[in-house]
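Commentary on secondary and tertiary structure
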4 protein chains.
Amino acid sequence: MPSPTYANEPSRPATRAELSAAFAAVRAHSCALAAPLSAEDQCVQSMPDASPVKWHLGHTTWFFETLVLQAFGAEHTRLDPRYAFIFNSYYESLGPRHPRPARGMLTRPSAAEVMHYRETVDHAVRRFIDTAPDAVLDRARNALLLGLHHEQQHQELLLTDVLHLLSLNPLCPAYREAGAPAPQRMPQPLAWTPVDGGVVSVGHAGGGFAFDNEGPRHDVLLQPYRIASRPVSCGEYLAFIRDGGYRDPQWWLSDGWALARAEGWQAPAYWSHEEGPEPRHFTLAGEQPVDPAEPVCHLSFYEAAAYAAWAGARLPSEFEWEAALARGLIDAGSVGAVWEWTRSAYGPYPGFKPFAGAASEYNGKFMVGQMVLRGGSCATPPGHVRPTYRNFFPPPARWQFSGLRLACDA
Amino acid sequence: MPSPTYANEPSRPATRAELSAAFAAVRAHSCALAAPLSAEDQCVQSMPDASPVKWHLGHTTWFFETLVLQAFGAEHTRLDPRYAFIFNSYYESLGPRHPRPARGMLTRPSAAEVMHYRETVDHAVRRFIDTAPDAVLDRARNALLLGLHHEQQHQELLLTDVLHLLSLNPLCPAYREAGAPAPQRMPQPLAWTPVDGGVVSVGHAGGGFAFDNEGPRHDVLLQPYRIASRPVSCGEYLAFIRDGGYRDPQWWLSDGWALARAEGWQAPAYWSHEEGPEPRHFTLAGEQPVDPAEPVCHLSFYEAAAYAAWAGARLPSEFEWEAALARGLIDAGSVGAVWEWTRSAYGPYPGFKPFAGAASEYNGKFMVGQMVLRGGSCATPPGHVRPTYRNFFPPPARWQFSGLRLACDA
Amino acid sequence: MPSPTYANEPSRPATRAELSAAFAAVRAHSCALAAPLSAEDQCVQSMPDASPVKWHLGHTTWFFETLVLQAFGAEHTRLDPRYAFIFNSYYESLGPRHPRPARGMLTRPSAAEVMHYRETVDHAVRRFIDTAPDAVLDRARNALLLGLHHEQQHQELLLTDVLHLLSLNPLCPAYREAGAPAPQRMPQPLAWTPVDGGVVSVGHAGGGFAFDNEGPRHDVLLQPYRIASRPVSCGEYLAFIRDGGYRDPQWWLSDGWALARAEGWQAPAYWSHEEGPEPRHFTLAGEQPVDPAEPVCHLSFYEAAAYAAWAGARLPSEFEWEAALARGLIDAGSVGAVWEWTRSAYGPYPGFKPFAGAASEYNGKFMVGQMVLRGGSCATPPGHVRPTYRNFFPPPARWQFSGLRLACDA
Amino acid sequence: MPSPTYANEPSRPATRAELSAAFAAVRAHSCALAAPLSAEDQCVQSMPDASPVKWHLGHTTWFFETLVLQAFGAEHTRLDPRYAFIFNSYYESLGPRHPRPARGMLTRPSAAEVMHYRETVDHAVRRFIDTAPDAVLDRARNALLLGLHHEQQHQELLLTDVLHLLSLNPLCPAYREAGAPAPQRMPQPLAWTPVDGGVVSVGHAGGGFAFDNEGPRHDVLLQPYRIASRPVSCGEYLAFIRDGGYRDPQWWLSDGWALARAEGWQAPAYWSHEEGPEPRHFTLAGEQPVDPAEPVCHLSFYEAAAYAAWAGARLPSEFEWEAALARGLIDAGSVGAVWEWTRSAYGPYPGFKPFAGAASEYNGKFMVGQMVLRGGSCATPPGHVRPTYRNFFPPPARWQFSGLRLACDA
């Protein structure tokens, strides 16, 4: 985890120039991520949970247009009022919208038109940053920062969604032959660190950007526990597979066992030849041998919990994870390799207050039925990892870069 | 909440005679609940989540046969070895079983045969209680008590399931014309009680029966909060309906809004004419006018959370609920009227250890995707309500006697 | 095929006494068919295509009540007006009705109440037959006869539906241990009979009861063909199975192959151990060894067509079948063993006119998407088989007593 | 119906030069149809029944590669052996294939690569036509012609599928602003022509290309009937809508009524504002007012049959249609405006023999569950309409250019 940077880029640009630079950098990064993909690659939706790359590019643009330009009266002519219908994701307060499972039907606007839309909005936002009165810009700053962090979230989704799409193609195309994001290797053996119990403070302490769901900072009481020095590796997970872990209900939560049976799971998502001597998996670099030293990835919560049970351990709670990291008991270099499922259901912190305005729908309305993941992954953009960050997905989700770290009672 | 009794019957019978009496009482109560129903009523399964009454009667019998008689070598001849296939609910370690959604296909064994099965097992269990060596009975005591509490849980399910079944019948038949279980009226106005924050102990303290999921007792840290003096009433909920609560997404969790739209919810389950001057609902006594002073019931978690948001409040956490009750800040008489959804996802307490043996599957494997309910209902058998009891259902469930109590930050 | 009787009982009773006797006989037969079944057996619906036995008993009663007693002003007090809602099957012109897939939820009215309903209506119908003025009875005669033939159709469905229900029970209960309907053995070798082409008349010629879909009688032009002397036997079909017939798409229609793959078909419905040395199948007499000399039964249209292709033959058209029977080129003793799928889609004859009134919905509105079966089965009541009878089911249906007879071009 | 041309182009080119010209013309027409569409438009699959434009372009190419080049040993290097997996539609004998509902996942090969694939195969086929020994070419001639007619079928599907795709786009894009295919107007009033009954010959008589399902030519016996001079117009159909046709079950087949209710049909597919004074519909030229003089189009079989019932008429059988056309009793100019549903289920003619080899799967295996349509539409390529042509679709299909012509008994 690149700790010197995560708090600054783009979390808290101070001057107009810094803000403008952060905006330009984040926006350019999205385009760079889309660059290896054809217009066709950017158009197709591979499942209802995923979105087309082009839609990510348009939606993040609409977000700035709506929550910054329109909300703060910036000078701007909308290219097409129907884009608000097409690119609204889930904001009930911002009007009706195209149904999520039908995003892949949008062959128009074309990738080129979406890029033109980006340029138009980018131009207006930069001008707004440059020229808005100080008071207006101050009021808009939170929305601008939110837009940047929002876009970074979609940068990761863009990669997870395109990986899913390409994995369905019999030609096994790579997103990038060289230089594709890949989890860092973890050759070191796994070690256990004891952590004292007691009252600890968790949640965002201020001093930089955070989503509303990271606060308020508050005290929780932990029992003593131990936590692993790094995430579980592919090699370790392979031992679970070869021990029949996918065939033995004793390790599994009931819902997980039912789903694993119904869908015929025998290994993490994207793996093939999973029990043979040479397991392979589909990655952003195409089909590759599984490296035993890589963190295991593309696990559902159910698989993570089953592995932990088989290993005689459990998942950490999100607060155990955060406290160990805050106290320096987790190697910061091991954070950010893979999203780590926790045993914590996603819910509001005591005294939780959503963002104001339309952004109130950003996080709060999803606070049921999902589990918290902590950390980050090879697909997470630089500067987007922080100790209090709460990612969340439903237990069956496997297309994210999701693995686990073990914990156990002291 | 009838506090003088809940800790003793059947939670901790001390002597052979007390054990035998508790066993006889609990077993007889199941038969009494089934008595108003015809063999046809007892046979049909109204949805995959519900079970036929007859199946409840057989399954609870199989539970004693397997976890007591067989496990402790009691003298007993099994009537039919195939009953183990038919009446196993979800115990993977106890072999294959009839699929849950097909329980309603079991026209055989007949209701009479199931009653004969009950009598055979009852006879053997009572003989075992009377004649087993002290050491054996001591070891079997936990299984016997578990069997009794398990049967009490099914007594409530029997009523919820038959209510669902009868509600689908155009003839609107009553389970019982007179004397049917009904939520107690709560004519008193709602009041708010402040509760201090701080470290409190939660979970079962020993000294009586408890399920494994109620322990270990442990400390948690609470923020100050306020809690309502009683559950939300039908009259209060009607104001939410009439204010358009079912038509306004701002109050709803995202999953809840989607489900409410998809299924056309306009009121709690079993209500009709919900916006008219005279709402009615289907109850165990047949179709009846809605009494504004009754606790509102048959809500999903989503509806409970939406109502709380509309009321400017929230659901309590399960520990806020338990602490307030333990400190005497909740009127014990208001507990047990209706199951109360909490904001707590169902998960293991720190240091959770499942029951040993087959009973290890009793609770632990369901610890994902469900929300905790506290309290009890008019369908809960006497003596089955206790402050640490953790009921749990998935957020969409509406066929239970489930309502809510409000809380808010201090 | 008992040809001397099929045209008379109950097709054309001449006098009041004969009509009354036919009515009594048909109505009693339904009760006799239900007699071996418990109230539970009669209540459950095993799939949306099937109906509970009790519902068959009520529906056929409602049919007389509505189309005879009410239509012709007979003196009669309806037991419960809601029965019209419950027991209407599909008559849009007769008002709203209980949804078909929910017929199994009707634990009330009880089996005893349905039997009381039958007795009440029977009494009124018999009195109507005895006492109605000649002119009224004459006008009502067609409706009465339709009611009798309608009830006979439901007598067969009652058996097919209860077979399906019992087949789902792990206890493998027999409908009747002894004397259950079973297909007659056909020990004789299969022979081929050539049939000349030319213009032939098909359809009902008058002179007895027929459904509207059997007319008008009209001429069709046939090419020369050959037809088998009897239906395909289980022994012959077993050769298809053992030759890999269920694994080779070349024999199958596209829809059939897709369905067989999706549902894992490896043999006719109700067969087990299908490729072993001792195939068994579930029958009205419980699980039994497959007798090679029995007609193969419980085939979908797709399986019948696949077998015919594998055998180098085809299914006959319904007119080839009818013409061969009418000319005496089919052994009448081989008709009525099993329903025989034809290659003819179910549609209207030239000049087709539906029955008048509510009965217009009896047959015509189903004339798409179904295939014609000819003959009859062991479950068809005596007197209900005739050469022009057109049974029809969708191609995937397997729970009927459906087999095939081969034909080929001359 | 352009009768002078339909028998010659491309049905029966005589010389190598004519063959080569026909091949070039048909292949170029496909590319011309795709030309107005972007690569994104060509990639997306809007529903399982439809295919991406790019897939149509690749599949028709694979058809020539496999059934001509490979089958007759032409010199040709396959670009990529995996294309055989990707572009095989449903030929079980030609190996495994990409699942139909996943065709839209194929962002690779790109539209440009598919075009390159076309060029490679086109080059090889033209060289084969130019240089193959006479005897080889003679043997290959049927496969070549089949490939051309097959491609013409896909030309129509390409248009129907892209219409469906564009109709789902909130931007309402036109396939072509100007010059898009559109049904010809039929301003003349509807007239009825009596047709004598008797024996008539139907089916293809030889002397040009025909699909296997058009033969053998054979005699059928018709009853006297009357047939309408042209298809039903939008104006006439609007009267059915305004008379409540979509709300009255008496006109509908049972399956049709159920589907219309379930899907909320109120007008033909692609219509909006259907009961208002100004109905509009989505067309290949974008959203347009409904022209009352156009043939009504995008009807399911169920709607066609319901309209006919409401109009006091019926659909013609396919032989009534063919005989009237052959005798000159149908205005040839009225044929080809819209596909006309008939009352005939799609099945084999007496003595039907499928094409030899892999092409045996072309038509025969679909001969159940579908209805025959006769004629052609504005999307049918020139020269692809002929009197014996049998198109077929399942009764619910609405995305084809499908309407109806009335008939009735004489």
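All values reported here derive from a predicted model rather than from experimental measurement.

On to the relation of the copies chain C and chain B, then. When chain C is fitted to chain B, the best match, at an RMSD of 0.0 Å, comes from turning it 180° and sliding it 0.0 Å along the axis. The transformation relating the two chain copies, once decomposed into turn and shift, fits a two-fold axis. Ranked by how close their C-alpha atoms come to the rotation axis, the residues of chain C are headed by C:Glu40, at 2.5 Å. Of all interface residues in chain C, 100% are interface residues in chain B too; the two copies therefore contact each other through one and the same surface.

We now examine the state of the cysteines. Applying the stated criterion to the full structure yields zero disulfides over all chains. A:Cys378 takes part in no disulfide bond, and the closest cysteine sulfur to it belongs to A:Cys297, at a distance of 6.3 Å.

Another point: the packing of helix H2 (residues 16-34) of chain A against helix H6 (residues 111-131) of chain A. Residues and elements named next belong to chain A. Viewed as axis vectors pointing N to C, H2 and H6 meet at an angle of 170°, and their least axial separation amounts to 9 Å. Relative to H6, the element H2 lies roughly antiparallel. Seen from H2, the contacting residues are Arg16, Leu19, Ser20, Phe23, Arg27, Ser30 and Cys31; seen from H6, they are Met115, Arg118, Asp122, Val125, Arg126, Phe128, Ile129, Asp130 and Thr131. Looking at the contact of H2 with H6, its residues break down into seven nonpolar, three polar and six charged.

In this complex, chain C contributes 30 residues to the contact, which on the side of chain B involves 30 residues. Across the pair B:Arg108 and C:Asp41 runs a salt bridge whose closest N-O atoms are separated by 2.8 Å. At the boundary of chain C and chain B, one finds twelve residue pairs in polar contact (both at pLDDT 80 or more). A per-element tally of the side of chain C that touches chain B places helix H3 (residues 39-43) of chain C first, with four residues. Across the side of chain C that touches chain B, the residue classes break down as 17 nonpolar, seven polar and six charged.

Listed per partner, the contact involves 30 residues of chain A and 30 residues of chain D. Here chain A and chain D share an interface that buries about 2,400 Å² over both sides, 61% of which is from carbon and sulfur atoms. The largest share of the area that chain A buries against chain D comes from A:Glu40, A:Arg108 and A:Leu171, three residues that together contribute 32% of it. On inspection of chain A and its partner chain D, the count reaches four salt bridges. Counting every contact that joins chain A to chain D gives twelve residue pairs in polar contact (both at pLDDT 80 or more). At the level of secondary structure, the elements contributing two or more residues to the side of chain A that touches chain D comprise helix H3 (39-43), helix H5 (83-87) and helix H7 (134-167) of chain A. The element that contributes the greatest number of residues to the side of chain A that touches chain D is H3(A), accounting for four residues. Across the side of chain A that touches chain D, the residue classes break down as 17 nonpolar, seven polar and six charged.

Below, the discussion takes up the environment of B:Asn169. Mapped onto the secondary structure, B:Asn169 falls in the loop between helix H7 (134-167) and strand S1 (192-195). Overall, B:Asn169 belongs to the buried group, its relative accessible area being 3%. When neighbours within four sequence positions are excluded, B:Asn169 is seen to be in contact with C:Met105, C:Leu106, C:Thr107 and C:Arg108. A polar side-chain atom of B:Asn169 sits 3.0 Å from the main-chain carbonyl oxygen of C:Arg108.

With that settled, the discussion passes to helix H10 (residues 301-310) of chain B. All names here are of chain B. Across the ten residues that make up H10, a large majority, eight, are buried. Regarding H10, the residues found buried are Phe301, Tyr302, Glu303, Ala304, Ala305, Ala306, Tyr307 and Ala308. In this structure, the buried side of H10 is in contact with helix H8 (234-242), helix H9 (254-263), strand S8 (339-345) and strand S9 (371-374). Downstream of H10 by one or two residues, Gly312 has phi in the positive range, about 75°.

Let us look at the sheet that holds strand S12 (residues 407-409) of chain B. Residues and elements named next belong to chain B. Pairing is antiparallel in the open sheet, where three strands are placed in the order S1-S4-S12. The open sheet has two edge strands with one neighbour each: S1 and S12. Ignoring strand direction, the axes of neighbouring strands in this sheet form an average angle of 25°. Pairing between strand S4 (residues 225-228) and S12: three bridges, direction antiparallel. Note that in S12 the partner of Arg226 across the bridge is Cys408. Together, S1 and S4 form the strand contacts of helix H11 (residues 318-326), whose direction differs from that of S4 by roughly 75°.

It is worth spelling out the sheet that holds strand S10 (residues 391-393) of chain A at this point. Residue and element names in this part refer to chain A. If you trace the four strands from one edge of the open sheet to the other, you get S10-S9-S8-S11, paired in mixed fashion. The outermost strands of the open sheet, each flanked by one partner alone, are S10 and strand S11 (402-404). Each strand axis lies, on average, 50° off the axis of its neighbour in the sheet, ignoring direction.

Take the packing of aromatic side chains next. A full pass over the atoms with the stated rule returns 116 aromatic pairs over all chains. For the ring pair B:Tyr83 and B:Tyr117, a centre distance of 4.9 Å and an interplane angle of 70° mean the geometry is edge-to-face. With B:Tyr83 in helix H5 (residues 83-87) and B:Tyr117 in helix H6 (residues 111-131), the pair connects residues that are 34 residues apart, well separated along the chain. B:Tyr117 carries the same exposure label as B:Tyr83, and that label is buried. One Lys or Arg, C:Arg226, reaches over the ring of C:Trp192 and ends 5.2 Å from the middle of that ring. Here the basic side chain of C:Arg261 rests over the ring of C:Trp257, its NZ or CZ set 4.3 Å away from the ring centre.

Once that is clear, we can look at the side chain of A:Gln370. All names here are of chain A. Here Gln370 is to be found in the loop between strand S8 (339-345) and strand S9 (371-374). Polar side-chain contacts of Gln370 include one of 3.5 Å to the backbone oxygen of Phe366. Residues contacting Gln370, with those up to four places away along its chain left out, are Ala345, Tyr346, Phe392, Phe393 and Pro394.

A few words on the arrangement of the chains. There is a gap between chain A and chain C: no contact, and a shortest C-alpha distance of 14 Å. Contact between chain B and chain D is absent, and the least distance between their C-alpha atoms amounts to 14 Å.

Next up on the list: the pattern of salt bridges. All names here are of chain A. In total, this model carries 80 salt bridges over all chains according to the counting rule given. One salt bridge connects Glu322 with Arg374, and the closest N-O pair in it is separated by 2.8 Å. Of this pair, Glu322 sits in helix H11 (residues 318-326) while Arg374 sits in strand S9, and the two are 52 residues apart along the sequence. Here the residues in one salt-bridge network are Arg27, Arg118, Asp122 and Glu151, joined through shared partners.

On to the confidence of the model for chain A, then. Residues and elements named next belong to chain A. Residue-level pLDDT values for chain A average 94, and 97% of them are 70 or greater. Confidence drops under pLDDT 50 across residues 1-10; counting only partners more than four residues distant or on other chains, this segment forms 22 contacts. Across the interface, the model reports ipTM at 0.95; the global pTM reads 0.96.

Parameters and conventions
- Residues numbered from 1 in each chain as written.
- Chains lettered and ligands numbered in written order.
- Predicted model: local features only at pLDDT ≥ 70, side-chain atom pairs only at ≥ 80, totals over all residues.
- Heavy atoms only, no water.
- Least-squares fit on C-alpha atoms with pLDDT ≥ 70 in both.
- Contact = heavy atoms within 4.5 Å.
- Disulfide = S-S within 2.5 Å.
- Axes fitted to C-alpha atoms, helices over the stretch in contact; angles between N-to-C directions.
- Helix = DSSP H or I, 4+ residues; strand = E, 2+ residues; numbered from the N terminus.
- Parallel < 35°, antiparallel > 145°, perpendicular 65-115°, else oblique.
- Nonpolar A, V, L, I, M, F, W, Y, C, P; charged D, E, K, R; others polar.
- Salt bridge = Lys/Arg side-chain N within 4 Å of Asp/Glu carboxyl O.
- Polar contact = N/O pair within 3.5 Å; in protein donor to acceptor, adjacent residues only side chain to side chain.
- Buried area = accessible area lost by both parts, 1.4 Å probe.
- Buried < 20%, exposed > 50% of the residue type's maximum accessible area, 1.4 Å probe, protein only.
- Pairing = 2+ DSSP bridges.
- Phe/Tyr/Trp six-rings, centres within 6.5 Å; stacked < 30°, edge-to-face > 60°.
- Lys NZ or Arg CZ within 6 Å of the ring centre and 35° of its normal.
- pLDDT = per-residue confidence, 0-100.

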